[in-house]
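Results of the structural survey
Residue strings, one per chain:
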Amino acid sequence: MSTQAANILIVDDELQNRKLLEALLHPEGYQTESAASGDEALAAVARHAPDLILLDVMMPGMDGYEVARQLKANPATATIPIIMVTAQIDRTARLAGLTAGAEEFLTKPVDRAELWLRVRNLLRLKAFSDFLAGHSWMLEQQVQARTADLQRFRSAMDATADAIMLVSRSTMRFVEVNATACTMFGYTREELMQLGPVQIGGTREQLEALYDAIIAGRGANTYSELTLKRKDGSELQVEVHRQAQHFNDDWIIVGVLRDITERKEVQQRLHHMAHYDALTGLPNRTLFYETLARTVAQAAQNAWQVGVLFIDLDYFKNVNDTLGHAAGDQLLGHVSTLLLECVRARDIVGRMGGDEFAVILIMQDGQQGAIHVANKIRDVLRTPIALEGHMVTITASIGITVYPDDADNPATLIKYADTAMYRAKQSGRDTYRFFTAQMNVEALARLDMEIALRQAVENEEFVLAYQPKVRLDTGRISGVEALLRWQRPGHGPVPPSEFIPVLEETGLIVRVGTWVIEAACRQIALWMRSTIGPVQVSVNVSGRQFVEGDLDADIIKALRDNDIAPDLLELELTESSLMTNTARTIATLQNLKELGIQISIDDFGTGYSSLAYLRRFPIDKLKIDIAFIREVTSNPDDAAIVLAIISMAHSLKLEVIAEGVETAAQLSFLRRHHCDQIQGYYFSRPLFPSDADTVLSDKKCLPASSSAAPVRRQTLLLVDDEASVIASLQRLLRPDGYNILAAQSAAEGFELLALHEVEVILCDQRMPTMNGTTFLDRVKDLYPNTLRIVLSGYTDLESIMEAINRGAIYRFYTKPWENLLLRDNIREAFRHYRLLHDLPLEAVNDDRKQGNVLHSCGS
């Protein structure tokens, strides 16, 4: 402030004193204003604050001390310097003036030089004080502004969900952090400000190198994901964006941290869901492929062998269908646990979907290692498990491929293992198979057939052939079975055993089955309108038609469209198809039965063969499977099964049909044991419609069985592989009038036994293919009423005595025999037979004199 422009207030009750002071000050360029009392002085200051006050002490009313006290008490006027003018200059007066707030004193009469000096000095001091005050105010304003900025900065930092941490590069300490950072790491702000980034994660060397790199990049923003530590020691996953800022000769590293723990957990859950099976916790197909690819790559580098096992549970669908899907899921979880127990820690078990699992084996022992694991899996799976109150046993079919022997890429290895697994199923299940090149050829052929079958469905390439069924009591045709045939373009006829299973597996059987029903009903209608008349036609129905199709609607529509009676249509179902969705199957069959449709069980004896189920289903007939008919005349087990089925069916008032009858011996056996109907090549092969028309029109038939009791004849069967021996025995025994049958092998003997009622058998012991005691053992089971004699050319007493003890042999003789003795003993055997069966002892054959002899085809 310029002293020339200073304004001075003169306060004195004496006008003369005021004018004197004005006169002294004006030459120095000061501006003056006067006040005659304390009140006027206060009013003048209130109007315009002077730069300095000359204040008289002794004034009436308000003295100078009071004016000074009031001015100094007011912040707006407290800085105005005051010079008290008084005639009293003692110590008490000075102390009182200083106490009131005066800065200087002048003694009346006032000395001009002293006045100018004190006024100038005080004005200079005031000017400096004002400068300091102004500067202080400016600083205060700046501080307040910066404080406000800092507060706003902190508020903004604290408001964000991200942690913000400022690090000094020179000290490697935090210089600022926000509230989120404190919360995120579990520290107070004060605690964090005493720390640095090293305390929450990373080494000093690593961080310094990182910060220097950021600074060298001129503050470029960097991003990274880190795992840091909270105050309590727990780990925290964050993503960090860092940037460098230069400030006051230091670099500040600004770090913005976001907690990504939850995001990482979600990512991990999504990754787990994408790569692991939710039910079993095992790697799924995707992860299994990835793992196999890595394993194969490592194996290529280390010359390892890798085995891949493809595992499919046998009949798992039955568990789902009978016990429910919850039980099925429980079983899958149990199986996954068992599989993990069967392999080493470095091996991998995965679930490929459904009831399919796979295993990756690092093999050190070649194929033996894979065989060991496969057998171990089969063993543990056979242990029963309790499901829904039932003890369930499961088995598995396993296919095995080996890297690098079979393939060198994961997809092919798994495909080949799958192919081998299907071969294991075809081999009877509960076993394993290694992949072979031939399997691949067959798999490709099967795929080719599947494609061709789909085209066949679209192009209607299928036809029906009809095989007659014959009643054994009348010998007449009782109906025909419609059999599906396929003439594949460019290949010719395809055996049903090759293409029907593929239709089943692909589900095409549902569409084809619907077509078969319609075609069969159409043929029935054609015959009805011809001279042939009504013919009952049976059609085979797949279990999938009950589950996936609308069998009721298909049949009703075919009957209505062709205007035929329901009793002319018969359905043939296998036992296994009956067990598919049992409740629905029973309801469907009962509805069809009420319409008048006949129902028979095909291939009986090869499936469940349960009396309980037979009683539940509305069945009319049982068809004995060809597997039991093929050797029914020579295999006691097959014969026993056939007889049991016939007896059981008749007790349930069901008719019995034997399929696959190809010989007169089979026919004779079945007729003798009261089988109702037969079907097979012995009577007729399957016929296409034109040939079937001829057979039906000609009323082809078998000779009917005689109702009259046959004349009992003493029948003797000779069995010897040497024709000369048979001729000798015939010459010896012909005069006794026996009906002599001759066979040169066991097979011929079985056939003659089926065709004729034999009473006594004379059999050679030493024959090719089957010796005498073995032959007679079977005969004992098949025809227990016969008397069986062995004629042996060598001494084998032990085996013959064992046969006698088993009851297989009645007597034995050695070669060469004594004619008279042998004739007497044969005669005694017939006498013994008649005694055992209450037959007349005097009965004599009508042809005794001529000695009738019958031979089999090979004799």
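Just so we're clear, the structure is a prediction, and the values are computed from it rather than from any experiment. (Residues numbered from 1 in each chain as written. Predicted model: local features only at pLDDT ≥ 70, side-chain atom pairs only at ≥ 80, totals over all residues. Heavy atoms only, no water.)

Some points on the pairing of strand β4 (residues 82–86)
Of all five residues making up β4, five are buried, and the element is well covered by its neighbours. Where burial is concerned, the two faces of β4 agree: the one with I82, M84 and T86 and the one with I83 and V85 are both buried. Direction of pairing for strand β3 (residues 52–56) relative to β4: parallel, over a ladder of four bridges. Directly across from D56, in β4, lies its bridge partner V85. Between the parallel elements β3 and β4, the chain passes through helix α3 (residues 64–73) in a crossover that is right-handed. (Buried < 20%, exposed > 50% of the residue type's maximum accessible area, 1.4 Å probe, protein only. Helix = DSSP H or I, 4+ residues; strand = E, 2+ residues; numbered from the N terminus. Pairing = 2+ DSSP bridges. Right-handed = clockwise from strand over helix to strand, strands pointing away.)

Notes on the state of the cysteines
The tally for this structure, following the rule as stated, stands at zero disulfides. No disulfide involves C675; its sulfur sits 18 Å from that of C701, the nearest cysteine. (Disulfide = S-S within 2.5 Å.)

What about the nonpolar core?
Of all hydrophobic cores here, the largest spans 105 residues; its most connected members are F462, V539, L622, L670, I761 and F775. Per-element accounting of this core gives the leading share, eleven residues, to helix α17 (residues 509–528). If we ignore the near neighbours within four places in the chain, the residues touching F462 are L453, A456, V457, L484, R485, W486, F499, L503, V512 and W515. (Core = buried A, V, L, I, M, F, W, Y, C linked by side-chain atoms within 4.5 Å. Contact = heavy atoms within 4.5 Å.)

Overview of the environment of A437
Mapping A437 onto the fold places it in helix α15 (residues 437–459). Since its relative accessible area comes to 59%, A437 is described here as exposed. Sequence-wise, A437 and G307 are 130 residues apart; in three dimensions their C-alpha atoms are separated by 16 Å.

As for the pattern of salt bridges
Here the structure, examined in full by the defined rule, presents 44 salt bridges. E208 is the salt-bridge partner of R204, the closest N and O atoms lying 2.9 Å from each other. Linking R204 with E208, this pair stays in helix α8 (residues 204–216), spanning four residues, or about one helical turn. K593 is the partner of D620 in a salt bridge, and the nearest nitrogen-oxygen pair spans 2.2 Å. A residue pair is termed long-range when its members are at least 10 positions apart, and D620 in the loop between α22 (611–616) and β24 (621–624) and K593 in helix α21 (residues 582–595) qualify at 27 residues. Assessed through its relative accessible area of 16%, D620 is described here as buried. Here the residues in one salt-bridge network are K469, E481, E570, E572, K621, K623 and E659, joined through shared partners. (Salt bridge = Lys/Arg side-chain N within 4 Å of Asp/Glu carboxyl O.)

Looking at unusual backbone geometry
Following K108, the chain continues into P109 via a peptide bond in cis, with omega recorded as -10 degrees. Secondary-structure assignment places P109 in the loop between β5 (104–107) and α5 (112–159). Between Y403 and P404 the backbone carries a cis peptide bond, its omega angle lying at 5 degrees. When you line up the elements, P404 lands in the loop between β16 (396–403) and α14 (410–426). Phi is positive for M172, close to 55 degrees, though the residue is something other than glycine. Positionally, M172 belongs in the loop between β6 (163–168) and β7 (173–177).

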